[in-house]
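Here's the letter readout for the chains.
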Amino acid sequence: QVQLVESGGGLVQAGGSLRLSCAASGRTFGSYIMGWFRQAPGKEREFVAAFWWTGGLTDYADSVKGRSTISRDIAKNTVYLQMNSLKPEDTAVYFCAADVTISWSQRRGNYQYWGQGTQVTVSS
């Protein structure tokens, strides 16, 4: 029903910045919660950030809080994750996710729809 495509990843030096994009298509009408997750090799998927436009709420993992911003471009139907002051620990595949069924309290859990992921590699 909903397709999500991430882009914007790449190789960056520590201290640099990236803006990840998540373009949505298909049946996108509704009050969606959008999330960003990441998964490093050999590690579990972890929550990064979430956004609920209807509720005017955002949430960030402690590991990225203060240096990351999740935002939305309504005209482009796209959600972004701006990441600054990148660290080698940020190296992972980043996934965009969307859900119209979960509550805000479930924002760090599983989602209905997932993108294919975009690789972020931060060198030391």
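Structure shown above.
Reading the values: the criteria
Residues numbered from 1 in each chain as written. Predicted model: local features only at pLDDT ≥ 70, side-chain atom pairs only at ≥ 80, totals over all residues. Heavy atoms only, no water. Helix = DSSP H or I, 4+ residues; strand = E, 2+ residues; numbered from the N terminus. Rg over C-alpha atoms; globule rule 2.2 N^0.38 Å. Buried < 20%, exposed > 50% of the residue type's maximum accessible area, 1.4 Å probe, protein only. Pairing = 2+ DSSP bridges. Axes fitted to C-alpha atoms, helices over the stretch in contact; angles between N-to-C directions. Disulfide = S-S within 2.5 Å. Contact = heavy atoms within 4.5 Å.

*Asks:* Tell me what's going on with the overall build of the protein, and back it up with residues and numbers.
*Replies:* Across its full length, the protein carries zero helices and 11 strands. Ordered by position from the N terminus, the helices and strands of the protein form the series β-β-β-β-β-β-β-β-β-β-β. Relative to the 2.2 N^0.38 estimate, which gives 14 Å for 124 residues, the radius of gyration of the protein is 14 Å and therefore close to what a compact globule would have. Taken over the C-alpha atoms alone, the protein extends approximately 40 × 25 × 25 Å along its principal axes. Within the span of the protein, comprising 124 residues, buried residues form 42% of the whole.

*Asks:* With reference to specific residues and values, describe unusual backbone geometry.
*Replies:* Phi angles above zero are rare outside glycine, and N77 is one such case at about 50 degrees. Relative to the elements of secondary structure, N77 occurs in the loop between β7 (68–73) and β8 (78–83). Of note, S85 is a non-glycine position whose phi angle comes to about 50 degrees, a positive value.

*Asks:* How would you summarise the sheet that holds strand β1 (residues 2–7) if you had to cite specific residues and measurements?
*Replies:* Read from one edge of the open sheet, four strands run β1-β3-β8-β7, paired in antiparallel fashion. This sheet does not close on itself; its edge strands, each paired only once, are β1 and β7. Strand after strand, the sheet turns through a mean of 20 degrees between neighbouring axes, direction not considered.

*Asks:* How would you explain the state of the cysteines if you had to name every residue and give the values?
*Replies:* In this structure the tally under the stated criterion is one disulfide. Residue C22 pairs covalently with C96 via a disulfide, S to S 2.0 Å. The chirality of the disulfide connecting C22 with C96 is left-handed, given an S-S dihedral of about -80 degrees. Within this pair, whereas C22 is found in strand β3 (residues 18–26), its partner C96 is found in strand β9 (residues 92–99), the two being separated by 74 residues in sequence. The exposure class assigned to C96 is buried, which follows from its relative accessible area of 1%.

*Asks:* Kindly report on the side chain of S68, identifying the contributing residues and their values.
*Replies:* Here S68 lies in strand β7. When sequence neighbours within four positions are dropped, the list of residues in contact with S68 reads Y60, L81, Q82 and M83.

*Asks:* Describe the pairing of strand β4 (residues 33–39), listing the residues and the values that go with them.
*Replies:* Counted residue by residue, β4 has six buried out of seven residues, so it is predominantly covered. Alignment of β4 against strand β5 (residues 46–52), held across six bridges, turns out to be antiparallel. Its bridge partner being in β5, G35 is matched across the sheet by A50. Connecting β4 to the next strand, β5, in antiparallel fashion are six residues, including G42 with a positive phi near 75 degrees. The sheet contact formed by β4 and β9 spans seven bridges and is antiparallel. Bridging across to β9, Q39 finds its partner in V93.

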